[in-house]
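So the chains spell out like this:
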Amino acid sequence: MDLLQRNISKRKDKLKMRAELALNEIFKGKPPSPDALAENFEREVAKLKLKVSTRMASLSAAWQSAKVVRTREKISFFFGVMDLVFSALLFGLAPEYVHISYTLQSLCLLPYRFYVYKKLKWHYFLFDLCYYVTILNFVFLWIFPQSPSLFVACYCLSHGCVASAVITWRNSLVFHDADKVTSLFIHVYPAFTFTVIRHFYPGSEERFPALKELPHLHPWQALLQSSIIYLVWQVLYWKVRSRVPLRFSALIKAIACVRQSPKPGLIASTLSKVRPEHRTLYFMLGQFVYAVLTDVPPAFILYDSPFWSGAYILIILCVSVWNGGGFYIEVFGRKFERELEALRKELLEAQSKRSSPILDPSEAESEPVSPLLDNQPLDGEAGAQSEMSTPVDEGLSLQLEETRKDK
């Protein structure tokens, strides 16, 4: 009913304006009467009120259609929060089921990721290292739990370049965004699972016989094993990349993302100095060095220390939460702020374009028609009213004062 009333009022105002234009053409050259000017002023105020109401309705509609309130994002938000709570409870009450939770959630999230990326033609990103490590983790958990070499590679890679990618690529904990939740899960949950298996799993050596042969880790040997597994992936990745069209290559897209970053860092600065035909090779070499360096903490520190393993997972989660808070505050807050600023400018432009009317002082002192004049919020938009009513009030007050002086 409210929308219908606004549409009717809008049509009435258009008809009145057309009639006024027609009368002005007929009686061209004749000065309008004070009553006609007063009526014109009231019509202008009503038009301004209608414009503001329509604008606020469109803002409200846009806000209602945003991701934070759509059903899909509500479902993602619900399951994201509940998954975090459930994982914490599972860790405290039954850590022996953490690897099962990891597997079941992966069976739900990874097909969804494949469907979304295939639809967006981003499916070549699925050849990235994190998915390769995820497959290796499942192979160890459910096929070869007795393999010490595979366990060492999965442990180091999950805690190394996969988990640290949260910091490197700025993964964020944004519960309403299923894509961001999936990315964070792929990078954090493997390290969480293998930390539990290594330090907090009761009777882990019976379920995973590989741990019987690994009471302590030989750091250099562990780095060598994880580096070999990484090189296998990099060779396979290079083969796949050489067989797909250049525009679909995830590696080329990664290089472009790094080079076109608004705040270029060390990697972007280095790549910009390399000749274009050598950038891919240098980028892959840099990836290998990065993988080896990030495997150092799990090989030398985390494997023998439950405390530092927990602190490491906590630091990764803190970074993701910080990035997620920045997303919510900066992206949504600035977007709504820009909308309000655009609305304020529109109102000021509309106010400056209108001609100054002549009113009777008694009419000027009567109660204003527009809610902007008596500081009433528009259709529940009380927060936005404080941002835009002040300049309009001042403009109309100055205009009325000028009218009194002219009178």
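This one's a predicted model, so the numbers in the text were calculated from it and none came from an experiment.

Looking only at helices and strands, the protein features 16 helices and zero strands. Within the protein, contacts between residues at least 6 apart in sequence are counted, and of these 79% link residues at least 24 apart.

Inspection of the entire model under this criterion finds 25 aromatic pairs. Both rings, one in Tyr-124 and one in Phe-127, keep their centres 6.1 Å apart while their planes meet at 25°; by these two values the pair is stacked. Ring plane angle 75° and centroid distance 5.6 Å describe the contact between Tyr-201 and Phe-208, whose orientation is recorded as edge-to-face. When sorted by exposure, Tyr-201 lands in the same class as Phe-208, which is buried. Counting every residue linked through ring pairs, the aromatic cluster contains Phe-91, Tyr-102, Phe-138, Phe-185, Tyr-189, Phe-192 and Phe-200. One Lys or Arg, Arg-198, reaches over the ring of Tyr-303 and ends 4.1 Å from the middle of that ring. Sitting above the plane of the Trp-142 ring, Arg-207 keeps its charged end 5.2 Å from the centroid.

Moving on, we get to the state of the cysteines. For the structure shown, the criterion picks out zero disulfides. For Cys-154, which is in no disulfide, the shortest distance to another cysteine sulfur is to Cys-156 and amounts to 9.7 Å. Residue classification places Cys-154 among the buried residues on the basis of a relative accessible area of 1%. The thiol of Cys-161 is not disulfide-bonded; the next cysteine sulfur, from Cys-130, is found 9.4 Å away. The class for Cys-161 is buried, based on a relative accessible area of 6%.

Low-pLDDT portions of the prediction should not be read for the details of their coordinates. Residues of the protein with pLDDT of at least 70 account for 69%, and the chain-wide mean is 78. Here helix α15 (residues 361-364) stands out as the element of the protein with the lowest mean pLDDT, 45, in contrast to helix α5 (residues 129-142), whose mean of 96 is the highest. Of the regions scoring below 50 in pLDDT, residues 246-250 engages in 10 contacts with residues more than four places distant in sequence or in other chains. Every residue in residues 358-393 scores below 50 in pLDDT, and together they form 62 contacts with partners more than four places removed in sequence or on other chains.

Criteria and cut-off values
- Sequence order sets the numbering: in each chain, residues are counted from 1 along the sequence as written.
- Only residues with pLDDT of at least 70 are given local features in this predicted model, and only at 80 or more are side-chain atom pairs given and counted; all residues enter the totals for whole chains, interfaces and linings.
- Values shown for side chains rest on all heavy atoms present in the structure; no hydrogens or waters enter the calculation.
- Helix numbers and strand numbers start at the N terminus; a helix is a DSSP run of H or I with at least 4 residues, a strand a run of E with at least 2.
- When checking whether two residues touch, look at their non-hydrogen atoms; a contact exists if any pair is within 4.5 Å.
- Pairing of aromatic rings covers Phe, Tyr and Trp, the last counted by its six-membered ring, and requires centre-to-centre distances within 6.5 Å; plane angles under 30 degrees mean stacked, over 60 mean edge-to-face, and any other angle means tilted.
- Under the scheme applied here, a residue whose accessible area is under 20% of the maximum for its type counts as buried, over 50% as exposed, and between as partly exposed, the area being computed with a 1.4 Å probe on protein chains only.
- Ring-over charges, as used throughout, are those where CZ of Arg or NZ of Lys falls within 6 Å of the ring centre and within 35 degrees of the ring normal.
- Cysteine sulfur atoms are paired as a disulfide whenever they come within 2.5 Å of each other.
- For every residue, the pLDDT score states the predictor's confidence, bounded by 0 at the bottom and 100 at the top.

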